[in-house]
Amino acid sequence: MKQGLTKIKKEKGPVLPRVRDFFCSFAKINTFHQTSPVMEQLLHYVWKHKLFPLSALTTTIGQDVEVIDPGLHNSNAGPDFFNAKVRINGTLWVGNVELHTKASEWFAHHHDRDTAYNNVVLHVVEEEDNCQAITEDGQKPPQLVLPVPQKVKDNYEELLHTDAYPPCYRIIPNLSRLLQHSWMSYLQTERLQQKTEAIEARAKAAGGSWEQAFFTTLARNFGFGVNGDAFETWAMNLPLDAAAHHRDDPFQIEALFFGQAGLLNVAAVTEHRQLETAADAHFQSLSREYTYLAHKFNLTPIDGRMWRFLRLRPQNFPYIRIAQLVNLYCSRQCSLSLMANCQSLDDVRRMLSTETTPYWHTHYTFGQESKTNDKQLSKASKDVLVINTVVPMLYAYGRHTASEKLCDRAFAFLEQLKAEDNTIVRMWQQCGLSVDNAGDSQALIQLKREYCDKKECLRCRFGYEYLKVKKADAFIR
């Protein structure tokens, strides 16, 4: 076995300019700008999955090539694949592999001047264009011309340009349940990992306070999508240490919460409602109390114009959601430690049970009365909070404390909850995909947002199955 390429003796004088002139004309180097990045992605795909032609592989000078391991795909700077194993003319080489649509791109990318490419053991190209790669230390890595199969090109073009959504819908009924389940399990874990990273970032921003990270995550999800960013900004700007001194007084907590949200500023209210808001007795009382608290704790509210009301049902108005959080906070029934001790979904739902403070039983906005309704958090809303707050927090905190029990409970809760009913889930169900629980629906949300919307079909298991089929034989039309 050999590591890297054997060095060749360098000629005297400026080697690189002569080599570049000899092996590649500047006209060919400039063709790099006309090369489609899609074609190079497809070449990466063909190499990674070893979709090689039936004929024997040989280098451009006739050396036999056997690909034992294509290596690890590198998405950062440096060669495209690390630690590949290839046998060339009977000799096993272990090193890196670089791929280009055209061989001349080696020079267009200046790999001939970069020491990171000195350990390239094979240069894989779709088109040789009469150009031989050379490394910074003067070596000439063998070149393999590897064409992308036409059926792969055609299928990928369909995935990118079909009007149907998802574009791979025709292959879904043909996929085995095992394949579907394994891919969706991966997506579910990937989504939890992304949420874990967001929670860890909140804890870091809060000086390592996981309790603050829990409250911020809970608050974000009280925005139920539309106001998520505003709720997170508000929660991060809320001094919970100061609030703890007033936790036994719901009125003061309400003043603090609404004041920090910028909702006690008349200027943040739509112009046609400013007068009745300013004249409301409860608004005036909260404003006076917040002025006192803001001075006491040196507080600055967020911009009240961040909150969105347009096309929201009154039940989802920020006023109502903040009033529910006030009640939940003052009840002391919802915290990170209590959540970690919840053994069942019923325990979690009880922990999240809340209603608004009294004023909001008869109001949806300041200064305008409505029918009496305590505006309890619905079971459906609690389950959404379980999916988006409790499950990720259990998983993230379990990872943080090395508690497999908490991580396992997070997955168990997802399996026990019904699948979410939204356009994404219904879309995949119509394609023939079985959606059994919230874990499945979370996986499909991840699939759409991180793969379908970004056209990352080459990283998707469903896309992989689509690319390799012969349509006439495999698609159900």
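As the structure is a computational prediction, the values presented were derived from the model and not from experiment.

Draft legend 1. Representation of the overall build of the chain within the structure. A tally of helices and strands in the chain yields 21 helices and ten strands. Against the 2.2 N^0.38 benchmark of 23 Å for 477 residues, the chain shows a C-alpha radius of gyration of 30 Å, more extended than a compact globule. Each of the three principal axes of the chain carries a C-alpha extent, and together these read 90 × 55 × 45 Å. Sorting the 477 residues of the chain into buried and exposed places 52% on the buried side. Accessible area of the chain: about 23200 Å², with a carbon and sulfur share of 51%. When the 55 basic and 54 acidic side-chain charges of the chain are each reduced to a single mean position, those positions are 2 Å apart.

Draft legend 2. Structural context of the packing of aromatic side chains. Scanning the model with the defined rule gives 27 aromatic pairs in all. When the ring of Trp-183 is compared with that of Tyr-186, the centres are 5.4 Å apart and the planes differ by 10°; the resulting orientation is stacked. In this pair, Trp-183 and Tyr-186 both sit in helix 6 (residues 177-205), three residues apart, roughly one turn of the helix. Judged by relative accessible area, Tyr-186 falls into the partly exposed class, the value being 47%.

Draft legend 3. Region of interest: the pairing of strand 6 (residues 91-102). Burial analysis of strand 6 places eleven of its twelve residues in the buried class, the great majority of the element. In this sheet, strand 6 lies alongside strand 5 (residues 81-88) in antiparallel orientation, the contact comprising six bridges. Among the inter-strand pairings, Ala-84 is bridged to a residue of strand 6, identified as Gly-95. In sequence, strand 5 turns back onto strand 6 through a hairpin of two residues, with Asn-89 there showing a positive phi of about 50°.

Rules and cut-offs
- Residues numbered from 1 in each chain as written.
- Predicted model: local features only at pLDDT ≥ 70, side-chain atom pairs only at ≥ 80, totals over all residues.
- Heavy atoms only, no water.
- Helix = DSSP H or I, 4+ residues; strand = E, 2+ residues; numbered from the N terminus.
- Rg over C-alpha atoms; globule rule 2.2 N^0.38 Å.
- Buried < 20%, exposed > 50% of the residue type's maximum accessible area, 1.4 Å probe, protein only.
- Areas by Shrake-Rupley, 256 points an atom, 1.4 Å probe, with all protein chains shown as cover.
- Lys, Arg positive; Asp, Glu negative; His and termini not counted.
- Charge placed at Lys NZ, Arg CZ, Asp CG, Glu CD.
- Phe/Tyr/Trp six-rings, centres within 6.5 Å; stacked < 30°, edge-to-face > 60°.
- Pairing = 2+ DSSP bridges.

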